[in-house]
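The lines below spell out each chain.
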Amino acid sequence: MKELQQMKSAEKMVAIRKSLRNLSVELDVRASMNCREDYTINQLLREAYGLKSGAKLHTFEGWKKRGAAVKRGEHALLFWGKPVEREGSPFYPVVFLFAANQVHFTKKGGAQ
């Protein structure tokens with residue numbers, strides 16, 4: 001049973017990586033057509049998600065530490081993480097982040 005759950009989880013992660021990769025390629029093509037090669041893929045993803053340039057982004061746990069909770073029904077925004085060395089080549093992990101407009105503060109005076 002545990003192996004089946006791990007297999008489903010791994011398959012889901014592969015699908016998530018594939019969808020993020022496809023979106024990244026599409027955004028990269030659009031950026032090069034519009035002479036915006038100096039933008040990083042994560043900057044292009046921010047724009048695609050409709051985020052303002054200064055929008056605060058944190059992980060689920062990051063918001064939790066700041067006294068905030070993710071609003072019910074909100075989905076994480078996918079970004080590429082810092083590369084890690086894996087089998088001699090860089091591996092870019094997927095990072096799941098939430099924007100400030102996706103959370104509400106549960107404690108008085110919570111900081112963003």
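Nothing here was measured: the structure is a model prediction, and the numbers come from that model.

Participant: I'd like to hear about the sheet that holds strand β1 (residues 57–58), residue by residue, with values.
Facilitator: What the 3 strands build is an open sheet, ordered β1-β6-β3; its pairing is antiparallel. Bordering the open sheet on either side are β1 and β3 (77–80), each of which pairs with just one other strand. Bridge count between β1 and strand β6 (residues 94–99): 2 bridges; the pairing is antiparallel. Within β6, the residue paired with Leu-57 across the bridge is Ala-99. This element, helix α2 (residues 41–48), spans β1 and β3 of the sheet and lies at about 165° to β3.

Participant: Give a detailed account of unusual backbone geometry, specifying residues and quantitative values.
Facilitator: At Glu-87, a residue that is not glycine, the phi angle is positive and equals roughly 55°. Mapped onto the secondary structure, Glu-87 falls in the loop between β4 (84–86) and β5 (89–91).

Participant: Describe a nonpolar patch on the surface, with residues and values.
Facilitator: A cluster of nonpolar residues, Val-25, Val-29 and Met-33, forms a patch on the protein surface that exposes about 300 Å² of accessible area. By secondary structure assignment, the location of Met-33 is in helix α1 (residues 2–33).

Participant: Explain the pairing of β3 residue by residue, including any values.
Facilitator: Each regular strand carries side chains that alternate between the two faces of the sheet. Burial along β3 is two-sided: the face carrying Leu-77 and Phe-79 and the face carrying Leu-78 and Trp-80 are both buried. Of the pairings in the sheet, the one linking β3 to β6 comprises 4 bridges and is antiparallel in character. Directly across from Leu-77, in β6, lies its bridge partner Leu-97.

About the cut-offs
The residue count restarts for each chain, going from 1 along the sequence in the order it is written. Thresholds applied to this predicted model are a pLDDT of at least 70 for local features of residues and 80 or more for the giving and counting of side-chain atom pairs; totals over whole chains, interfaces and linings are not thresholded and use all residues. Only hydrogens and water are set aside when side-chain values are computed; all heavy atoms of the structure are taken into account. Pairing between strands is defined by DSSP: at least two bridges between the two strands are required. In this text, helices come from DSSP runs of H or I with a minimum length of four residues, and strands from runs of E with a minimum of two, each type numbered from the N-terminal end. Two residues form a contact once any of their heavy atoms are found within 4.5 Å. In this analysis, axes come from line fits to C-alpha atoms, helices being fitted only over the stretch in contact, and the angle between any two N-to-C directions falls in the range 0 to 180 degrees. Surface patches are drawn from residues lacking salt bridges whose relative accessible area is over 30%; two like charges belong together within 9 Å, two nonpolar side chains (Val, Leu, Ile, Met, Phe, Trp, Tyr) within 5 Å. In short, Shrake-Rupley with a 1.4 Å probe defines the accessible areas, and a residue's cover is counted only from the protein chains shown. Think of a salt bridge as a Lys or Arg side-chain nitrogen and an Asp or Glu carboxyl oxygen that are within 4 Å of each other. Each residue is assigned to one of three classes by its accessible area relative to the maximum for its type, calculated with a 1.4 Å probe on protein chains only: buried under 20%, partly exposed between the two thresholds, exposed over 50%.

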